[in-house]
Amino acid sequence: MAELVAKSPCDGVLPLEIGSVAAREEDLGVITALLPYRAQGAALSERLKAAHGMAFPSPNRATGKAGARAIWAGREQALLLGPAPDPGLADHAALSDQSDAWTAVRLEGEAAEAVLARLVPVDLRGSVFKRGHTVRSQVAHMAGSVTRVGERAFLILVFRSMAATLVHDLKTAMEAVAARG
Amino acid sequence: MRITCPLCGDRDRREFYYKGAAVALDRPEPDAGAEAWDEYVFLRDNPAGETRDLWYHADGCGAWLEVRRDTVTHAVLEARLAAEAAR
Ligand SMILES: [Zn+2]
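A quick note: this is a predicted structure, and the numbers were derived from the prediction, not measured. Starting from 1, residues in each chain are numbered consecutively following that chain's sequence as written. To label them, take the chains in the order written and letter them from A, then take the ligands in the order written and number them from 1. Totals for whole chains, interfaces and linings use every residue, but because this is a predicted model, local features are given only for residues with pLDDT of at least 70 and side-chain atom pairs only at 80 or more, for both listing and counting. Where side-chain values are given, they derive from all heavy atoms of the structure, hydrogens and water being excluded.

## A few points about the sheet that holds strand S3 (residues 30-36) of chain A
Residues and elements named next belong to chain A. In this scheme, strands are said to pair when DSSP sees at least two bridges between them. Only runs of H or I of at least four residues qualify as helices and only runs of E of at least two qualify as strands under DSSP, and these elements are numbered from the N terminus. Strand order in the open sheet made by the five strands is S4-S5-S6-S3-S7, with antiparallel pairing throughout. The open sheet has two free edges, formed respectively by strand S4 (62-65) and strand S7 (93-97), since each of these has just one partner strand. Neighbour-to-neighbour, the strand axes of the sheet open up by a mean angle of 20°, direction not taken into account. Sheet analysis places strand S5 (residues 68-74) next to strand S6 (residues 77-82), joined by five bridges and oriented antiparallel. Directly across from Trp-72, in S6, lies its bridge partner Ala-78. The contact rule is simple, with two residues in contact once any of their heavy atoms fall within 4.5 Å. For every element, the axis is a line fit to its C-alpha atoms; helices are fit only across the contacting stretch, and the angle between N-to-C directions ranges from 0 to 180 degrees. Sitting on the sheet, helix H1 (residues 41-52) touches S3, S5, S6 and S7, and the angle it makes with S3 is about 155°.

Written as structure tokens, this is what we have:
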């Protein structure tokens, strides 16, 4: 029997610290896509509150906190990050385990907004994009998800197969921002 | 060019995939007859002015949108969920 060693998506390419910005991989735990059945949104949200302590997020919002978070991930979709999903959620939604499907990177620092401004075609400045806000958009040319998780911290998700590309694009943007001094 | 997605808000055109005229929202009944089906499958208007297209918010929320826009002024007039437009 072969010895299989699990590797995280950014194994060997993160962490990275350039100028005032750091990028490090996040281990989010279990990642579950929640796709509410027709007219089951409210019931799903109640179940989610009872089981995991957060409501089903409305568009462009995230609920919960580090360790147990739900982020809106598209039309009638959210990702539950952290806990293994309560089986009762399946009464109201299709659940799909996507734990191995995503690359998760925490980008943090004074100039994190400036780095993302080079990669994401949405205004992510703190005045309009506050903690608990999230977007589905592009990160460079990749489909991704960006959530503000702190004053100067963002959680970036792209598909796992894009891990090295994400790090490359982040590094390029971090270097360019740092070069401006 | 920017499109205001009803879910995501005001977004750059690069996040969207263009499908074409929004005819799929008006599919004829199976027994509508050859003429109606011929028109649905093959005939398209080419308006100088207001048009209705389907756009897919591929790098956003993943919703199909019906977008009204003006081919002369390039103004985007309205965008709504195709799921609602088809009701
Ligand atoms: Zn959208």
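## As for the side chain of A:Arg148
Residues and elements named next belong to chain A. Counting through the fold element by element, Arg-148 comes out in strand S10 (residues 142-150). Here a polar contact is taken to be a pair of N or O atoms separated by no more than 3.5 Å, where protein atoms must pair a possible hydrogen donor with a possible acceptor and residues adjacent in sequence count only if both atoms sit in side chains. A polar contact of 2.5 Å, which involves the side chain of Arg-148, links it to the backbone oxygen of Phe-129. When sequence neighbours within four positions are dropped, the list of residues in contact with Arg-148 reads Glu-113, Leu-124, Arg-125, Gly-126, Phe-129, Lys-130, Arg-131, Gly-132, His-133, Ala-153 and Phe-154.

## Here's the deal with the coordination of the zinc ion
Residues and elements named next belong to chain B. For Na, K and Ca the donor cutoff is 3.2 Å, while for all other metals N, O and S atoms must lie within 2.8 Å; water is not among the atoms, so some sites may look incomplete. Ligation of the zinc ion by protein atoms is provided by Cys-5 (SG), Cys-8 (SG), His-57 (ND1) and Cys-61 (SG), these donors lying 2.0 to 2.5 Å from the ion. For a four-donor site, all angles between 85 and 135 degrees give tetrahedral; for four or six donors, opposite pairs above 155 degrees with the remaining angles between 65 and 115 give square planar or octahedral; all remaining cases count as irregular. For the zinc ion, the four donor atoms in the first shell make angles of 105 to 117° at the metal, so the coordination geometry reads as tetrahedral. If you list the donors of the zinc ion from N- to C-terminus, the spacing comes out as C-x2-C-x48-H-x3-C. In this pair, Cys-8 sits in the loop between strand S1 (2-5) and strand S2 (9-12) while His-57 sits in the loop between strand S4 (50-56) and strand S5 (64-70), placing the two residues 49 residues apart along the sequence. Per-residue accessibility, obtained with a 1.4 Å probe over protein chains only, is compared with the maximum for each type, and a residue is labelled buried under 20%, exposed over 50%, and partly exposed between these values. For Cys-8, a relative accessible area of 10% translates into the label buried.

## Thoughts on the nonpolar core
All names here are of chain A. Take the buried Ala, Val, Leu, Ile, Met, Phe, Trp, Tyr and Cys residues and link them wherever side-chain atoms come within 4.5 Å; each set so joined is a nonpolar core. Residues Leu-107, Val-115, Leu-170 and Met-174 are the most contacted members of the largest nonpolar core, which totals 31 residues. When residues of this core are traced back to their parent elements, those giving at least two are strand S1 (16-18), strand S2 (21-25), strand S8 (102-109), helix H2 (112-117), strand S9 (134-139), S10, strand S11 (153-159) and helix H3 (163-179). Leave out the neighbours within four places in its chain, and Leu-170 touches Ala-23, Val-105, Leu-107, Val-115, Leu-119 and Ile-156. Core analysis: the next-biggest nonpolar cluster, separate from the first, contains 14 residues, Ala-33, Ile-71, Ala-73 and Leu-79 among them.

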